[in-house]
Amino acid sequence: MSPFSGCGNGKYLDINPDIWKIGADRCAALTAAARAKNFEVLTSDNLHMPFRDETFDAVLSVAVIHHFATTDRRVAAIKELTRVLRIGGKILITVWAMEQRHRKVRN
């Protein structure tokens with residue numbers, strides 16, 4: 001079992017039909033679009049996911065964490081993802097934020 005945090009319109013939910021997946025996104029319009037494609041999704045904030053502790057074998061969060069405005073909120077979001085992950089499970093988190101002031105600009 002694997003939740004996709006920030007599943008959006010379900011773009012990645014059709015990968016590997018042999019794995020049960022549930023998508024979660026804060027945007028109701030995006031979860032509605034994913035639901036229209038027959039994906040199992042729910043509208044949920046990444047800071048308070050409606051799952052029991054240690055529920056999932058794997059957790060994926062693609063392009064979500066950098067949307068949180070503060071370091072404290074980013075850490076809280078990562079803690080929430082690890083809370084629902086089983087001991088020994090796998091987690092994948094990707095982030096990007098081109099607007100960061102400290103990043104190097106290439107010519």
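Residues numbered from 1 in each chain as written. Predicted model: local features only at pLDDT ≥ 70, side-chain atom pairs only at ≥ 80, totals over all residues. Heavy atoms only, no water.

Let us look at helix H2 (residues 71-83). Over its 13 residues, H2 extends 18 Å from the first C-alpha to the last, a length consistent with the 18 Å expected when each residue adds 1.5 Å. Along H2, the residues that are buried comprise Ala-77, Glu-80 and Leu-81. Taken down its axis, H2 places every buried residue within 100 degrees of arc, on the same side. In this structure, H2 carries Thr-71, Asp-72 and Lys-79 as exposed residues pointing more than 90 degrees from its buried face. (Helix = DSSP H or I, 4+ residues; strand = E, 2+ residues; numbered from the N terminus. Expected span 1.5 Å × (residues − 1). Buried < 20%, exposed > 50% of the residue type's maximum accessible area, 1.4 Å probe, protein only. Arc of directions from axis to C-beta.)

Turning our eyes to something else, we now look at the pattern of salt bridges. In the structure shown here, the tally under the stated rule is three salt bridges. Taking the shortest distance from any N to any O, the salt bridge between Asp-57 and Arg-86 comes out at 2.7 Å. With Asp-57 in strand S4 (residues 56-62) and Arg-86 in strand S5 (residues 85-94), this pair connects stretches of sequence that are 29 residues apart. Across the salt bridge formed by Glu-80 and Arg-83, the nearest N and O atoms sit 2.8 Å from each other. One end of the pair is Glu-80 and the other is Arg-83, both in helix H2 and three residues apart, which spans about a single turn. Residue Glu-80 is classed as buried on the basis of its relative accessible area of 10%. Relative accessible area serves as the criterion here: at 24%, Arg-83 is assigned to the partly exposed category. The structure contains a network of salt bridges with shared partners spanning Asp-53, Glu-80 and Arg-83. (Salt bridge = Lys/Arg side-chain N within 4 Å of Asp/Glu carboxyl O.)

Let us now look at the side chain of His-66. Within the secondary structure layout, His-66 lies in the loop between S4 and H2. A polar contact of 2.9 Å, which involves the side chain of His-66, links it to the backbone oxygen of Trp-96. (Polar contact = N/O pair within 3.5 Å; in protein donor to acceptor, adjacent residues only side chain to side chain.)

One non-glycine residue, Glu-54, adopts positive backbone phi at about 55 degrees. Mapped onto the elements, Glu-54 comes out in the loop between strand S3 (41-43) and S4. Given the relative accessible area of 43%, Glu-54 is considered partly exposed. At Ala-63, a position not held by glycine, the phi torsion is positive, near 55 degrees. When you line up the elements, Ala-63 lands in the loop between S4 and H2.

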